Amino acid sequence: MCTFLFFQQSLYVGVVLSVAAAFRFGLEYTGRERFVHPRIIALLSIEPIVVVALVFSNP
């Protein structure tokens, strides 16, 4: 049971990373490179980090 729960929770890590990567790709592809710098990326990564932390802290 514990292994199943771990793999189910780790699925969220992949989902969050793929959504963030697709968003960044979309910004660069559409010519909005001004939004792709470390400060903006750090601000946009707060929500995915919170989601993953909540998933792993609440079984």
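Here the structure is shown first, and the text comes after it.
Quick look at the structure, then. Sequence positions are assigned chain by chain, starting from 1 and proceeding in written order. This being a predicted model, a pLDDT of at least 70 is required before a residue's local features are given, and a value of 80 or more before pairs of side-chain atoms are given or counted; all residues contribute to the totals for chains, interfaces and linings. Calculated side-chain values reflect all of the structure's heavy atoms, with hydrogen atoms and water omitted.

### A closer look at the overall build of the protein
Secondary structure elements are taken from DSSP: a helix is a run of H or I of four residues or more, a strand is a run of E of two residues or more, and numbering for both begins at the N terminus. Of the regular secondary structure elements, the protein holds three helices and zero strands. Overall, the protein shows an N-to-C arrangement of helices and strands of α-α-α. Both definitions apply: the radius of gyration is a C-alpha atom measure, and the globule rule equals 2.2 Å times residues to the power 0.38. For the protein, whose C-alpha radius of gyration is 14 Å, the value lies well above the compact-globule estimate of 10 Å for 59 residues. C-alpha atoms of the protein, sized along the principal axes, occupy 45 × 20 × 10 Å. Working definition of accessibility: Shrake-Rupley area with a 1.4 Å probe, residue cover restricted to the visible protein chains. In the form shown here, the protein has an accessible surface area of approximately 4,900 Å², with 72% of it arising from carbon and sulfur atoms.

### Describing the pattern of salt bridges
Whenever a carboxyl oxygen of Asp or Glu lies within 4 Å of a side-chain nitrogen of Lys or Arg, that contact is scored as a salt bridge. In the structure shown here, the tally under the stated rule is one salt bridge. Between Arg24 and Glu28 there is a salt bridge, with its nearest N and O atoms 3.5 Å apart. Taken as a pair, Arg24 and Glu28 lie in helix α1 (residues 2-29) at a separation of four residues, close to a single helical turn. Throughout, exposure labels follow a simple rule: accessible area from a 1.4 Å probe, protein chains only, divided by the maximum for the residue type, with under 20% read as buried, over 50% as exposed, and the rest as partly exposed. Overall, the relative accessible area of 40% leaves Arg24 in the partly exposed class.

### Focus: a nonpolar patch on the surface
Patch definition: residues above 30% relative accessible area lacking any salt bridge, with like charges linked at up to 9 Å and the nonpolar side chains Val, Leu, Ile, Met, Phe, Trp and Tyr linked at up to 5 Å. Residues Phe6, Phe7, Val13, Leu17 and Phe56 make up a contiguous nonpolar surface patch of about 480 Å² in total accessible area. Take the nonpolar patch: its biggest share by element is four residues, from α1. Topologically, Phe7 is positioned in helix α1. By relative accessible area, Phe7 is classed as exposed at 53%.

### Let's talk about the packing of aromatic side chains
Paired rings are identified among Phe, Tyr and Trp, the last through its six-membered ring, by centres lying within 6.5 Å, and are further divided according to the angle between planes into stacked (under 30 degrees), edge-to-face (over 60) and tilted (the rest). Tallying each qualifying case throughout the model produces three aromatic pairs. With centroids separated by 5.5 Å and ring planes inclined at 65°, the aromatic side chains of Phe6 and Phe7 adopt a geometry described as edge-to-face. Residue class for Phe6 comes out partly exposed when judged on its relative accessible area of 44%. Where Phe25 meets Tyr29, the ring centres are 5.5 Å apart and the plane angle is 25°; that geometry is what we call stacked. Of this pair, Phe25 and Tyr29 both sit in helix α1, four residues apart, roughly one helical turn. Owing to a relative accessible area of 56%, Phe25 belongs among the exposed residues under this scheme. What makes Tyr29 exposed here is its relative accessible area of 67%. Among the aromatic residues, those joined into a cluster by ring pairs are Phe6, Phe7 and Phe56.

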